[in-house]
Amino acid sequence: MNKRGLFVVLEGGEGAGKSTHARRLRDWLAARGRSVVLTREPGGTPLAEAVRGLILRDWPEGMDAATEALLMFAARAAHLHGLIRPALEAGKDVICDRFVDASYAYQGAGRGLPAERIAALERFTLQGLQPDRVLVLDLAPELGLARAKTRGVENRFETESLEFMRRVRAAYLERARRDPRRYVIVDASQPLQAVAAELQAAVEACL
Ligand code: TMP
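### Observations concerning the site of the ligand
Line of reasoning, step 1. All residues adjacent to the ligand are E14, E41, P42, R52, M72, R76, R98, A102, S103, Y106, Q107 and F157.
Line of reasoning, step 2. For the ligand, an oxygen atom lies 2.9 Å from a polar atom in the side chain of R76.
Line of reasoning, step 3. Here Q107 contributes a side-chain N or O atom positioned 2.8 Å from a nitrogen atom of the ligand.
Line of reasoning, step 4. Here the ligand, which alone exposes 470 Å², has 94% of that area covered by the protein.
Line of reasoning, step 5. The dominant element in the shell around the ligand, judged by the number of residues it contributes, is helix α4 (residues 100–110), at four residues.

In structure tokens, the structure reads:
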């Protein structure tokens, strides 16, 4: 039987460079002869991407925090079923651009849902599965939002207030500090190469 693959998650606020670094990590692991799947949340499978479309759209009646959280976890359940679990079980490494910590940071700290409600959804959906490493790309929200703006069309999260993004950042840092064996905080204001080197070192440590 194959050894289970490595499950690595990149997290952080808007414009922290997660997608760029997720691709670089994928290339770096693949160059070491590993079989790697790069994916993202919300999304990653056709069904989960369809739910992503619902989440990121602007609805005339707005979207309350409970609906947003439930849709995030519906997308996550579909993603786990359709991609993450089968890949890990086949011995492939999975690099995921955002995962459950984003729900604690955005729907919890950002929107104000109590953390125990997110934890209940986490237990129901993940059934004990945990990433091996969570890499938190930390950046001042002023910088991150400015970077996100240069990418063009913004989604409903990218137009949130600085206060919202400060709560998101604080939640990521707090979660990372509570579990330093699984989380690594990387200063995303450093030059790209320096960030990439720190991320690789953090992943290498669990190979
Ligand atoms: P992306 O821009 O990283 O692709 O993600 C889309 C947005 O979804 C992003 O602004 C953060 C948000 N999000 C949550 O609010 N909760 C979650 O659980 C996830 C995975 C993403």
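### A short note on the pattern of salt bridges
Line of reasoning, step 1. According to the stated counting rule, one finds 18 salt bridges in the structure shown.
Line of reasoning, step 2. For D132, the salt bridge goes to R4, with nearest N and O atoms at 3.2 Å. A residue pair is termed long-range when its members are at least 10 positions apart, and D132 in the loop between α5 (115–126) and β4 (133–138) and R4 in the segment before β1 (7–12) qualify at 128 residues.
Line of reasoning, step 3. Given a relative accessible area of 26%, D132 falls into the partly exposed group.
Line of reasoning, step 4. Between E41 and R76 there is a salt bridge whose closest N-O contact spans 2.6 Å. In this pair, E41 sits in the loop between β2 (36–40) and α2 (46–56) while R76 sits in helix α3 (residues 65–89), placing the two residues 35 residues apart along the sequence.
Line of reasoning, step 5. Put simply, E68, R111, R156 and E160 are held in one network by salt bridges that share partners.

### A closer look at the sheet that holds β1
Line of reasoning, step 1. Reading across the sheet, the five strands line up as β2-β3-β1-β4-β5 and stay open at both edges, with parallel pairing between neighbours. Each of the sheet's edge strands pairs with one partner strand only, and the pair in question is β2 and β5 (183–187). Within this sheet the neighbouring strands show an average axis-to-axis angle of 20°, counted without direction.
Line of reasoning, step 2. Here β1 runs beside β4; their pairing, made up of five bridges, is parallel. Looking at β4, one finds that G12 is bridged to L137.
Line of reasoning, step 3. Sitting on the sheet, helix α7 (residues 162–178) is in contact with β1, β4 and β5, with an inclination near 135° to β5.

### Some details on the state of the cysteines
Line of reasoning, step 1. Within this structure, the stated rule accounts for zero disulfides.
Line of reasoning, step 2. Cysteine C206 remains unbridged, with the sulfur of C96 as its closest cysteine sulfur at 15 Å.
Line of reasoning, step 3. Under the relative-accessibility criterion, C206 is labelled partly exposed at 24%.

What counts and how
- Residues numbered from 1 in each chain as written.
- Predicted model: local features only at pLDDT ≥ 70, side-chain atom pairs only at ≥ 80, totals over all residues.
- Heavy atoms only, no water.
- Near = heavy atom within 4 Å.
- Polar contact = N/O pair within 3.5 Å; in protein donor to acceptor, adjacent residues only side chain to side chain.
- Areas by Shrake-Rupley, 256 points an atom, 1.4 Å probe, with all protein chains shown as cover.
- Helix = DSSP H or I, 4+ residues; strand = E, 2+ residues; numbered from the N terminus.
- Salt bridge = Lys/Arg side-chain N within 4 Å of Asp/Glu carboxyl O.
- Buried < 20%, exposed > 50% of the residue type's maximum accessible area, 1.4 Å probe, protein only.
- Pairing = 2+ DSSP bridges.
- Axes fitted to C-alpha atoms, helices over the stretch in contact; angles between N-to-C directions.
- Contact = heavy atoms within 4.5 Å.
- Disulfide = S-S within 2.5 Å.

Coordinates in, geometry out; function isn't part of it.
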